[in-house]
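Spelled out from the first residue to the last, the chains are:
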There are 2 protein chains.
Amino acid sequence: MGKLRLFVDRMSQPSRAVLIFCLANGIDLEEHLVNLAKGEHRKAEFKLINPMCQVPAMDDNGFHLFESHAMLKYLVCTYPNIKDHWYPADLRKRAQIDCILDWHHSGLRRGSAGLVMNSVIAPVMGRKLDPQAAAEAEALLKASLGKIETVWLTGNGKFLTGSLQPSIADLSLACEVMQLQLLGKAKFSDLLDSNPKVKNWLAAVERTLSPHFSQVHDIIWKAATMYENKREREARKADGTISKL
Amino acid sequence: MGKLRLFVDRMSQPSRAVLIFCLANGIDLEEHLVNLAKGEHRKAEFKLINPMCQVPAMDDNGFHLFESHAMLKYLVCTYPNIKDHWYPADLRKRAQIDCILDWHHSGLRRGSAGLVMNSVIAPVMGRKLDPQAAAEAEALLKASLGKIETVWLTGNGKFLTGSLQPSIADLSLACEVMQLQLLGKAKFSDLLDSNPKVKNWLAAVERTLSPHFSQVHDIIWKAATMYENKREREARKADGTISKL
């Protein structure tokens, strides 16, 4: 059996979710960087792994798979000694995890990815920033964070659906929320301060999956600082322009 | 054991997928209409079933669940005598079904639902038609139909991933593609004519799930005719206005 080959860019939230899952569960892997900013996901050699040209993707001894949720479920079910809390065998509990992961696509991600793309990273991907699309995405995101607070974080446990241990849904959603760090410290705090349960849950995911969660997010904190400095430089430049008028 | 209670609006493509699955597999159910056009999904009594205010949703003897993909997986795994082809126990085959269903969210649905909403049904939902958003969605949709044609419809079988029998992914994607009937016969043919495998696949899903697939889609054909007549009336009106100038 060869090592699991993971094709990821740590700047992508679903890439981080799969990587952290493997590290936290001792799955031996080879990490292959597919640099999105350099367009490496569109190269012919990567299309052989994932014809949809998206990360993450994997090659498990000749079996190719993509879409992070499908990958996480596959890894839970095929690798040995993965604890039940990640994706419970109990069918009602499992259905709730499936439901949250589907809602990640249909709810949270639309707002979160839309806001980060249209207000921060579009230029890196060769697109223009779009303030109107960003504002619409922010409204969606705020509604979604409210749903995590009031619908998913119920019961006495620290994790989604009141569980005492994290599932693949906690990991997947937490990596999505962490992407909001790219909006800057003030904005990130603003979004989370109105959702105290979400804030505590995020801290619990980070603590429970220490040190992997923080280590894999290192790139996001560095990128967040870079974007913060860029915004400050541009603000100073704009101030300078105004004072000269 | 009480009957499964399904909360659906047949105008919604995921509602139809769950309903057809139950009918095709002899699952005894009570169908509860949640009329989207009348805003019944936002009523307090429905929020008790699904706090996200979306159809489909279900109540299986006190267990509430929503998100159609999660519901389909739950039904396959908990109801007796569901054939393996719907959601294979083989982990690699199952992972591929999961992958297609995730891609339904992240790929196909974005274009399909965006096009139908912004070019046809927005006024029914109290919104304005948006030609620019419709054009962007159409480009996404065409790319997605191309991916079904070239990535998912491979091998010798008639169904996705080359299977000989349909899975919940075939049903889910087929109901999404059928929603495009609302665009009118000419547009629907135009979109499918460039993807002959998709056309044959859709016919195979309809035939294999006969009579349930057609019966549950009856509402869509009626709505399509209504929208077609409306477009013709408006076109005649516009012609009349021009000839009077």
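The structure presented is a predicted model; accordingly, all values stated were derived computationally and were not measured.

Asker: Could you clarify how one ought to interpret the overall build of chain A in this entry?
Answerer: Looking only at helices and strands, chain A has nine helices and four strands in total. In chain A, the succession of helices and strands from N to C terminus is β-α-β-α-β-β-α-α-α-α-α-α-α. For 245 residues, the compact-globule formula gives about 18 Å, and the C-alpha radius of gyration of chain A, at 19 Å, lands near that figure. In terms of overall dimensions, chain A has a C-alpha envelope of 65 × 45 × 30 Å along the principal axes. Here chain A holds 245 residues, and 52% of them are scored as buried. Taking contacts inside chain A between residues at least 6 apart in sequence as the whole, the part at least 24 apart equals 67%. When the accessible surface of chain A is split by element, carbon and sulfur atoms take 53% of a total near 11500 Å². Of the charged side chains in chain A, 32 are positive and 27 negative, and the gap between their average positions amounts to 3 Å.

Asker: Is there a simple way to explain the UniProt feature "domain: GST N-terminal" (unreviewed entry) in chain A in this structure?
Answerer: Under the UniProt annotation, the feature "domain: GST N-terminal" (unreviewed entry) is placed at residues 2–83 of chain A. Secondary structure over residues 2–83 of chain A splits into 33% helix and 22% strand, and the C-alpha atoms at its two ends are 23 Å apart.

Asker: Can you walk me through the sheet that holds strand E3 (residues 57–60) of chain A in this structure?
Answerer: Note: strands within a sheet are paired through backbone hydrogen bonds, in either parallel or antiparallel orientation. Residues and elements named next belong to chain A. Spatial strand order, E2-E1-E3-E4: four strands in an open sheet with mixed pairing. At either end of the open sheet lies a strand with only one pairing partner, and these are strand E2 (29–33) and strand E4 (63–66). With direction set aside, neighbouring strand axes in the sheet form an average angle of 20°. Of the pairings in the sheet, the one linking strand E1 (residues 4–8) to E2 comprises five bridges and is parallel in character.

Asker: How should the relation of the copies chain A and chain B be read in this particular structure?
Answerer: Mapping chain A onto chain B calls for a screw motion: a turn of 180° about the axis and a shift of 0.0 Å along it, with 0.0 Å RMSD after fitting. Here the symmetry operator amounts to a two-fold rotation axis. Closest to the rotation axis within chain A is the C-alpha of A:His105, separated from it by 3.0 Å. Here 100% of the contact residues of chain A are again contact residues in chain B; the copies associate through an equivalent surface.

Asker: Looking at this model, I keep getting lost on the UniProt feature "domain: GST C-terminal" (unreviewed entry) in chain A. Mind explaining?
Answerer: What UniProt calls "domain: GST C-terminal" (unreviewed entry) maps, in this numbering, to residues 90–233 of chain A. Helix makes up 75% of residues 90–233 of chain A and strand 0%, whereas the separation of the span's terminal C-alpha atoms amounts to 53 Å.

Basis of the calculations
Residues numbered from 1 in each chain as written. Chains lettered and ligands numbered in written order. Predicted model: local features only at pLDDT ≥ 70, side-chain atom pairs only at ≥ 80, totals over all residues. Heavy atoms only, no water. Helix = DSSP H or I, 4+ residues; strand = E, 2+ residues; numbered from the N terminus. Rg over C-alpha atoms; globule rule 2.2 N^0.38 Å. Buried < 20%, exposed > 50% of the residue type's maximum accessible area, 1.4 Å probe, protein only. Contact = heavy atoms within 4.5 Å. Areas by Shrake-Rupley, 256 points an atom, 1.4 Å probe, with all protein chains shown as cover. Lys, Arg positive; Asp, Glu negative; His and termini not counted. Charge placed at Lys NZ, Arg CZ, Asp CG, Glu CD. UniProt positions renumbered as here; feature names shortened; annotations may be inferred. Pairing = 2+ DSSP bridges. Axes fitted to C-alpha atoms, helices over the stretch in contact; angles between N-to-C directions. Least-squares fit on C-alpha atoms with pLDDT ≥ 70 in both.

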